[in-house]
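# Architecture at a glance
One-letter residues, chain by chain:
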Amino acid sequence: MKVFLKDGSSKEYAEPMAIIDIAKDISEGLARVACVAELDSEVVDLRTVVDGEHELNILTFDSEAGKAAFRHTASHVLAQAIKRLYPEAKCAIGPSIADGFYYDFDMESLDRDALDKIEKEIKKIVKEGATLERFTLPRNEAIALMKEKEEPYKVELIEDLPEDAEISFYQQGEFVDLCAGPHLMNTKPLKAVKLISSSGAYWRGNEKNKMLTRVYGTAYTKKADLDAHMEHLAEIKKRDHNKLGREMELFTTVDVIGQGLPLIMPNGVKMMKKLQRWIEDIEDNEWGYIRTKTPLMAKSDLYKISGHWDHYKDGMFVLGDEEKDKEVFALRPMTCPFQYYVYKASQKSYRDLPLRYGETSTLFRNEESGEMHGLTRVRQFTISEGHLIVRPDQMVEEFKNCLALAKHCLQTLGLEEDVTYHLSKWDPENPDKYEGAPEVWEETEQHIRDVLTELNIAFTEDVGEAAFYGPKVDINAKNVYGKEDTMITIQWDALLAERFDMYYIDENGDKVRPYIIHRTSIGCYERTLAWLIEKYAGLFPTWLCPEQVRVLPISEKYADYAEEVRAELAKNGIDVTMDNRSEKIGFKIREARLKKVPYLLVVGQQEQEDGKVSVRSRYKGDEGQMPLADFIKDITEEIRTKEIRKIEVTE
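Residues numbered from 1 in each chain as written. Predicted model: local features only at pLDDT ≥ 70, side-chain atom pairs only at ≥ 80, totals over all residues. Heavy atoms only, no water.

### Quick notes on the overall build of the protein
Selection criterion: Comment: elements are numbered from the N terminus, with helices defined as DSSP H or I runs of at least four residues and strands as E runs of at least two. Under the scheme applied here, a residue whose accessible area is under 20% of the maximum for its type counts as buried, over 50% as exposed, and between as partly exposed, the area being computed with a 1.4 Å probe on protein chains only. Throughout, a contact is declared for two residues whenever any of their heavy atoms are within 4.5 Å. Values of accessible area rely on a 1.4 Å probe in the Shrake-Rupley scheme; residue burial ignores everything except the protein chains shown. All tallies of charge rest on Lys and Arg as positive and Asp and Glu as negative; His and the ends of each chain are not included. Positions of charges follow a simple convention, taking NZ of Lys, CZ of Arg, CG of Asp or CD of Glu.
Per the secondary structure count, the protein includes 20 helices and 35 strands. Along the first, second and third principal axes, the C-alpha atoms of the protein reach 90 × 75 × 60 Å. By residue count, 50% of the 651 residues in the protein fall in the buried class. Sequence separation of at least 24 residues holds for 68% of the intrachain contacts in the protein that already meet a minimum separation of 6. Per element, the accessible surface of the protein, about 31,300 Å² overall, is 47% carbon and sulfur. Within the protein, the 119 negative side-chain charges are centred at a point lying 5 Å from the centre of the 90 positive side-chain charges.

Given below as structure tokens:
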């Protein structure tokens, strides 16, 4: 038997050998920290016996696969602790995830005190140092074992496996779990395990199934690393838009209104209006767009022409029943079919193209309830939507311009460094999900690939993520918890013009099909607002702040002057308020800071006599006195240029 190691060396043995023994032969130190191994690029247990010739790479916690196995083992220890403390609990699934693990149980909900109690039991189990032993059973015996242990969710999982599947289990002490692995050799390395939270989760993610109790945790090899991670989670919690957005009164949700239907509060409306006016102004005045306003719903006939009825009906809100009603309507999930009829309202010449239609569109998508999250995943949202009708010879240049506009928006908002670019392609293994011939898909995907390469934009290629009518560029970003969402999309469409009988008259007088680009410049306003909240932890660039300046008179004697200052600021288009309460100035300053107001103007006798204001900013702290006119000049320029100032003081 021979193995070829990652460093280029090799090891030969006279007989088959378990990977853990090979690790010990290489180095006792390596064997102590090894978690799993790659055997011919497949991640396997260290208990795997090797025979023949193979490539072998032994992995520690420093590798992603090592972390996954380490934390997967921790999830089993969690389940063992739960079963000891709550014998009636039923185990569902318990995978490793990014930065940790979770396990779902059919049991009562758990509060922080209960989690702390479970943590203590986990420490006992780790101290016991039980070996994890893997064994397999035939299907009928596997089902019998889980029925004997009264684990109905495991029985269901086994019954869903193919008849000839190898059904494996892992046992540590008295606890046995259905699992494919891989796992650590024993529980001893789990020195730093922390249970983070508990929440509800539907079995198999289906809202029609029973709600289970999900326990989240994480695990590290060192307590210091765990402590650092917990500090990181505390910072994340401070930035979570779902929490911070409510505290700042930007949005709220109400059960009787429904999931995914947020109420945007006055402060949030101010921010979204600023974003919307900016986007509409630059699209129309600098990038050549023209505005449309189209209905929020349409008859099913429209969506049947576009193909959305066949490919996307489950994601739409349908009003009516096709079997009972003469007309069936649906709330629009996109604007493209509507804008096509704006185009078709009059005959177009090749000289009229490109036509760039822009619309601030309210859209509706019937997302699964389990997918709802704050402002990032909602059922009604507003989007900076646009459709460009172009000649084929204009397509590449216009696609580049759409990318340039998106990059400009990202740069202005300070978000460009936070995104990744993806070429979302069709899946040739599932052609029924898409329209058009394979050669059309290959050609259009290559066009996008060439554009991204020419523009030196790093990108990955994602199979199966295309729209049903064409490939696209998805510009994605992660939220504070690491979940990735698409923020901006630019789609190449060489197909739908045919469905809608769209054409233009070329220079020879012939009818020619145009191409179409579906795109957003800033994407969904709600999702972008969530992104900005988390990016800036609520400390937005001044131009975006719902309250840019707060005027603070030292006492009631200076209220009239404070009002003059406020009025002059408001006259110059600055979002300003005045705090005229009978409170000490220190209290008013602290409260304004908590509200994340970027500029505070303190006024008293000296300021009134000199026509000045004392400026305190989040950027430099106490900036001293200055004439009101000078302050107005500076802040209006900062707002006009959308400057992102560096914060030099701690809030």
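Still more to cover.
### Remarks on the sheet that holds strand β34 (residues 612-617)
This is how it is decided: The pairing criterion for strands is at least two bridges between them, as found by DSSP. Helix axes are fitted only over the stretch in contact, all axes being lines through C-alpha atoms; the angle between N-to-C directions runs from 0 to 180 degrees.
The five strands are arranged β32-β31-β33-β34-β35 in an open sheet whose pairing can be described as mixed. Only two strands of the sheet have a single partner each, and these edge strands are β32 (576-578) and β35 (621-627). The average angle at which neighbouring strand axes cross in this sheet is 25°, direction not considered. Where helix α17 (residues 559-571) meets the sheet, it contacts β31 (549-553), β32, β33 (599-603) and β34, and its direction lies at approximately 170° from that of β32. Strands β31, β33 and β34 of the sheet are contacted by helix α18 (residues 585-594), whose axis makes an angle of about 170° with β31.

### Comments concerning helix α4 (residues 112-128)
The test is simple: Helix span, as expected, comes to 1.5 Å for every residue beyond the first.
In a regular helix each residue adds 1.5 Å, so 17 residues correspond to 24 Å; α4 covers 25 Å between its end C-alpha atoms and thus fits that length. Burial in α4 covers these residues: A114, L115, I118, E119, E121, I122, I125 and V126. Tucked inside the fold, the buried residues of α4 contact α3 (64-85), β14 (192-202) and β15 (211-220). Count one or two residues on from α4 and you reach G129, which has phi positive near 65°.

### Regarding the pairing of β34
Of the strand pairs in this sheet, β33 and β34 are connected by four bridges, and their pairing is antiparallel. Bridge pairing in β34 links V602 to S614. Direction of pairing for β34 relative to β35: antiparallel, over a ladder of six bridges. Residue V613 lies in a different strand from β35, and its bridge partner there is M626. The loop that links β34 with its antiparallel partner β35 comprises three residues.

### Thoughts on the pattern of salt bridges
Counted only if it meets this: When a carboxyl oxygen of Asp or Glu lies within 4 Å of a side-chain nitrogen of Lys or Arg, that pair is called a salt bridge.
A full pass over the atoms with the stated rule returns 54 salt bridges. The closest approach of N and O atoms between R581 and E591, which form a salt bridge, is 2.5 Å. Residue R581 is found in the loop between β32 and α18, and its partner E591 is found in helix α18; the two are separated by 10 residues along the sequence. Using a relative accessible area of 36% as the deciding quantity, one classes R581 as partly exposed. Overall, E591 belongs to the partly exposed group, its relative accessible area being 25%. Taken together, the salt bridges that share partners define one network made up of R84, E121, K124, E128 and E174.

### What about the pairing of β15?
In terms of residue burial, β15 counts as a mostly covered element, since eight of its 10 residues are buried. In this structure, strand β10 (residues 100-106) lies alongside β15, joined through five bridges in antiparallel fashion. In the sheet register, D104 faces β15, and the bridge partner there is R214. Where β14 lies against β15, 10 bridges are found, and the strand directions are antiparallel. Counterpart to G200 in the pairing with β15 is T213.

### Focus on the nonpolar core
Heads up, the rule is: What is meant by a nonpolar core is a set of buried Ala, Val, Leu, Ile, Met, Phe, Trp, Tyr and Cys residues, joined one to another through side-chain atoms within 4.5 Å.
Formed by 71 residues in total, the largest nonpolar core has its most connected members in F540, L569 and F631. Sorting elements by how many residues they give to this core places helix α13 (residues 395-413) first, with nine residues. Among all residues touching L569, those that are not within four sequence positions of it are V549, V551, I574, V576, L601, L628, F631 and I632. Among the nonpolar cores identified, the runner-up in size contains 36 residues, and I82, F105, A114 and I125 belong to it.

### Topic: the packing of aromatic side chains
We apply this condition: Each Phe, Tyr or Trp ring (for Trp, its six-membered ring) is paired with any other whose centre lies within 6.5 Å, and the angle between the two planes then decides the class: stacked below 30 degrees, edge-to-face above 60, tilted in between. Only Lys NZ and Arg CZ are tested; either one counts as a charge over a ring when it is within 6 Å of the ring centre and within 35 degrees of the ring normal.
All chains considered together, the criterion is met by 16 aromatic pairs. Ring plane angle 70° and centroid distance 4.9 Å describe the contact between F61 and F70, whose orientation is recorded as edge-to-face. For the pair F61 and F70, a shared accessibility class is recorded, and that class is buried. Each ring, one from W426 and one from Y434, has its centre 5.9 Å from the other, and the planes form 80°; the classification is edge-to-face. The residues W426 and Y434 share a single accessibility class, namely buried. Here K67 stacks its cationic end above the ring of F61, 5.0 Å away from the centre of that ring. The residue whose ring lies beneath K642 is W543, and the NZ or CZ to ring-centre distance is 5.0 Å.

### Quick notes on a nonpolar patch on the surface
Note the following rule: Patch construction takes residues with relative accessible area above 30% that form no salt bridge. Like charges are linked within 9 Å, and nonpolar side chains (Val, Leu, Ile, Met, Phe, Trp, Tyr) are linked within 5 Å.
Residues V254, V256, I257 and L263 make up a contiguous nonpolar surface patch of about 340 Å² in total accessible area. Following the sequence through the fold, V256 ends up in the loop between β16 (251-252) and β17 (263-264). Residue classification places V256 among the exposed residues on the basis of a relative accessible area of 79%.

### Side note on the side chain of K154
When you line up the elements, K154 lands in helix α6 (residues 152-159). With residues near it in sequence (within four places) discarded, K154 still touches C91, A92, Y103, M146, D177 and L178.

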